[in-house]
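Residue strings, one per chain:
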Amino acid sequence: MLDKNFSPATVEAKIYKAWEDSGLMVANPTSTADPYTIMMPPPNITGSLHMGHAFTFTLQDVLIRFHRLLGQDVLWQPGTDSASLSTQVMVERHLETEGTDRRSLGREKFVERVWQWKEEKGSMITEQLRRLGAVPDWSRECFTMDEGLSYAVRYVFVELHRQGLIYKDKRLINWDPKLQTTLSDLEVETKELQGTIYYFRYPLEGNDTHSITIATSRPETVFGDVAVAVHPEDERYQHLIGQNLRHPLTRKLIPIVGDLHADPEKFTGAVKITPAHDFNDFEVGRRHGLPMINILDEAARLNDNVPEAYQGLDRFVARKRVIEDMHELGLFEKEEDAVIPTPHGEKSDVVIEPWLMDQWYVDAATLAKPAIKAVEQGKTKFFPQFWENTYFEWLRNIQPWCISRQLWWGHRIPVWYGPDGKVFVAMNEEDAYADAKAFYKEDVVLTQEEDALDTWFSSGLWPFSTLGWPTETPELARYYPTDVLITGHDIIFFWVARMMMMGLHFTGKVPFKTVYINALVRDEKGKKMSKTKGNVVDPVILIDAYGADALRFTLAALAVPGRDVKFSKDQVEGYRNFGTKLWNAARFAEMNECQFNPAFNPKILQVSVNRWIVAEVASLSCQIKEALETYKFNEAAQALYHFVWGTFCDWYLEFCKPKFASTGAEKTETQQTVAYILDQILRLLHPFMPYMTEVLWEHLHPKQGLLMGARWPEDEAISYPLESQDIRWLIQMITEIRRVRTEMNIPVAVFLTLSIYEASPETHRRVTFYEDLLFKLARLDHVKVFADSLPAEAAKGVAQAIVEEATLVLPLGNTIDVKAEKERLQKELVKTQQEVDALTSKLGNKDFVARAPQDIVETQQQRLKAAQLAVQKLETALKKLEGAE
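## Here's the deal with the environment of R301
Part 1 of the argument: Structurally, R301 is set in the loop between α8 (279–288) and α9 (315–328).
Part 2 of the argument: Between the C-alpha atoms of R301 and N518, which are 217 residues apart in sequence, the distance is 43 Å.
Part 3 of the argument: Apart from the residues within four sequence positions on either side, R301 is in contact with I295, L296, G312, L313 and D314.

Encoded structure:
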């Protein structure tokens, strides 16, 4: 017997162990079934489950369970990412508590400590994925620094270098002065800060009375200025192009150049060009062959390339000194307050500096061409399709990819330097020494590159390195290319594009056929979740409170393609109630001895309500399948919700009650039909709510094994058109009568007489055939059916409704105190109209709307809509009472 309530906390761990022990999660490369593959985006080993993870992994798990039910050989490849920067920062902070640091330990011992930390702490997120109910093939779990994956990384580096697609170059990078490493754009957070724009005058050569005024928010960088750019068509400066300016602090001459980068409408229209410390200026410098002067050291102090008085100053101290000195020189024109977008390190929270240094790069433009073509040709499709535009925009404007990081944790770049600086790129140290000996004709000492590779370099190989590449393994042949990648839009460039580039270059195939871009999970007011705002929702806490099923179903139901999710725990509670509804229905079925009959044939039923429900569930099965095959998770979830709550629980089980009270063949058929429908519901709902459905399955099929290993309902055409039309009519009849009863406040205990006018012979037949259900569920004591129209004298003091061609008439005069009811409704109408007037006035006040917080305004708007709707309903109810006295 089922317990009174479903208790997720008492069953989830037990059920998950049963799934793991069953072997159903494990892919089978020798299977004859069609393969289906999803590569799990590897979460960082430093991470814990957040709502973004819960969302994307729920959608992936829904697809994996769905395709397993379809009988496919599924592989959901799990694993974790080394997250070089995040992990190194975390371990360094831990070392600080011990009174030491990585440099004191040395590289080898520090890396050992990181591995130790990874073994102790790095599995937290995978355990949390188990709590969510995710069922990847854990037997194949990978880590981006496992030996096999590390071999693939070295192989790719060596090959790309051999092909001339990896090279060393001096370019601008994002430099973190605190962590002292290069950062990817994804590791940089731009903050809008209140700052100042300073206007300085740069005198013309040989004419100190004439100058050009430039504007800057970073005065400390003036020592790196090598030119001033103006727009070639700017009439104010056209005649000065080609002349020189005297730098006010270094006294060096710098040219005036014409370049489209200068915007005549912005500030003074003249831009100081600092190629070593600004990404736009770097490109201007390259176009004009300008020198590039790096004026900062690794700690963002001014270096030896500046006048002696400024050397060694912190960048912000130097900023104040420059401003003071420009005042003294009489070349300070003015300053203006401004909001300035300022890049910060995501981990260090310090201002990032564009910094010129030697780094390793990938020729991304060459690799991008096949990746662009593959999407243009439809070999890989984006869903929603508009994300293709983002993909194309980034790849068609791609810059060289900086792949070196000044970190100790990560894949160390497989490069060794000879005594004279010659570069040897090899798979390992032994090969490097062999190459060096062949070159120098003697034994020499090599020094390995200190830098590690960008995390995205190894992640870009994930779809095929996890399958054993570069070895031609059975797994690679069977599961690659993969079927779908589910990920967020923020890493279309950082990860999706790089997997496309690497996959096409090294395998000749796209890594995935479809890219599903899931939306961002925001708070209930539509704001981005962040710790600083205090609006972060912990999915593990929600699982503890409501169970994994409720959270999973909520996320699937909210997964509208292309629309960010407004999430609140109230939604989870609501879908927990949905699970409770199903649980209670299963208990009701159990109490009425509804047992599954393996010989049950839904195509030969006799009872009309049973014929109707099996046709409905067959239609639902096709609907859910189509929705999941087209990634419309929300439509699938909502269809299940409405069927289970409405069609099955609210209608069908109510229709069954008289049958349960009877005896004979109709009762038996109905009992078996209820069990069959439950069986179908559990199969369809399992991908969304795996825990509860597994428990209910065990009670329904105690000897059939796990639901996870069952099959999706057969695509059978079950059609009972007469019963389907009849029951839809019956539901509409009962719904209309109930609506009138509610609007007129007719007590539940009162039974009504229903008159039906303009009734067709079909309506007459239906009334006769379904009379018992109509009387019971609409609470009627008598029904009169007329083919004629409603007489005028019969229209007084009644409520009317229309169902198909017929007019339903319900008497009111003898049922309720019409006068008292009118007075009550009129008072309620006056009160509600006053609320509408007050809210309309408030929202019409521009000052209120401008000053009030947005969430307050939205709440007031929602209250106004609700009040306006209430007025309409009250007015309708009053009209229906007219003439009833």
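## Some remarks on the pairing of strand β7 (residues 188–204)
Along any regular strand, the residues point their side chains to alternate faces of the sheet.
Part 1 of the argument: Relative to strand β13 (residues 332–345), β7 runs antiparallel, the two being bridged by 13 bridges. Considered in β13, the bridge of T190 is made with P343.
Part 2 of the argument: Taking the residues between adjacent antiparallel strands as the criterion, β7 and strand β8 (residues 207–216) are bridged by two residues, where G206 takes a positive phi near 75 degrees.

## As for the layout of surface pockets
Part 1 of the argument: Counted as a void, the second largest pocket has a volume near 1,300 Å³.
Part 2 of the argument: In this structure, the second largest pocket is lined by 42 residues; those nearest its centre are S217, R218, D278, I340 and P341.
Part 3 of the argument: Elements represented by at least two residues in the lining of the second largest pocket include exactly β7, β8, β12 (270–273), α8, α9, β13 and β14 (353–362).
Part 4 of the argument: Split by residue class, the lining of the second largest pocket holds 17 nonpolar, 15 polar and 10 charged.

## Overview of empty space enclosed by the protein
Part 1 of the argument: Scanning the entire structure with this criterion turns up one cavity of 30 Å³ or more.
Part 2 of the argument: There is about 40 Å³ of room inside the largest cavity.
Part 3 of the argument: Among the elements that line the lining of the largest cavity, the one with the most residues is strand β23 (residues 512–518), at three residues.
Part 4 of the argument: Per-class residue counts for the lining of the largest cavity are 10 nonpolar, two polar and one charged.

## Observations concerning the environment of V617
Part 1 of the argument: As for its placement among the helices and strands, V617 is situated in helix α20 (residues 608–629).
Part 2 of the argument: By relative accessible area, V617 is classed as buried at 1%.
Part 3 of the argument: Each C-alpha atom, one on V617 and one on I677, is 7.1 Å from the other, the two residues being 60 residues apart in sequence.
Part 4 of the argument: The contact partners of V617, leaving out residues within four places of it in the chain, are F643, Y676, I677, Q680 and L684.

## So, the packing of α20 against helix α24 (residues 721–743)
Part 1 of the argument: Where α20 contacts α24, the axes come no closer than 8 Å and their chain directions differ by 100 degrees. The angle between α20 and α24 falls in the class roughly perpendicular. Residues S608, V609, R611, W612, A615 and E616 of α20 touch α24, and the partners they reach there are E723, S724, I727, R728 and I731.
Part 2 of the argument: The residue inventory of the contact of α20 with α24, partitioned by class, reads five nonpolar, two polar and four charged.

Analysis parameters
Per chain, residues are indexed from 1 in the order of the written sequence. This being a predicted model, a pLDDT of at least 70 is required before a residue's local features are given, and a value of 80 or more before pairs of side-chain atoms are given or counted; all residues contribute to the totals for chains, interfaces and linings. Think of the side-chain values as coming from all heavy atoms in the structure, minus any hydrogens and water. Numbering goes from the N terminus for both helices and strands, where a helix is a DSSP run of H or I of at least four residues and a strand is a run of E of at least two. By definition, residues are in contact when any of their heavy atoms lie within 4.5 Å. One requirement defines pairing of two strands: DSSP has to find at least two bridges between them. With a 1 Å grid laid over protein atoms only, a set of points is called a cavity when a 1.4 Å probe fits there but cannot get out and a pocket when it is open yet has protein on both sides within 12 Å along at least five of seven lines; lining residues have an atom within 4 Å of a point. Grid points are joined across faces, edges and corners, and a volume is the space filled by probe spheres set on the points. Amino acid classes used here: Ala, Val, Leu, Ile, Met, Phe, Trp, Tyr, Cys and Pro are nonpolar; Asp, Glu, Lys and Arg are charged; the rest, including Gly, are polar. Summary of the burial criterion: residues with accessible area below 20% of their type's maximum are buried, those above 50% are exposed, and those between are partly exposed, where the area comes from a 1.4 Å probe applied to protein chains only. What counts as an axis is a line fitted to C-alpha atoms, over the stretch in contact for a helix, and the angles between N-to-C directions run from 0 to 180 degrees. In this scheme, roughly parallel covers angles under 35 degrees and roughly antiparallel covers those over 145, while 65 to 115 is roughly perpendicular and the rest are oblique.

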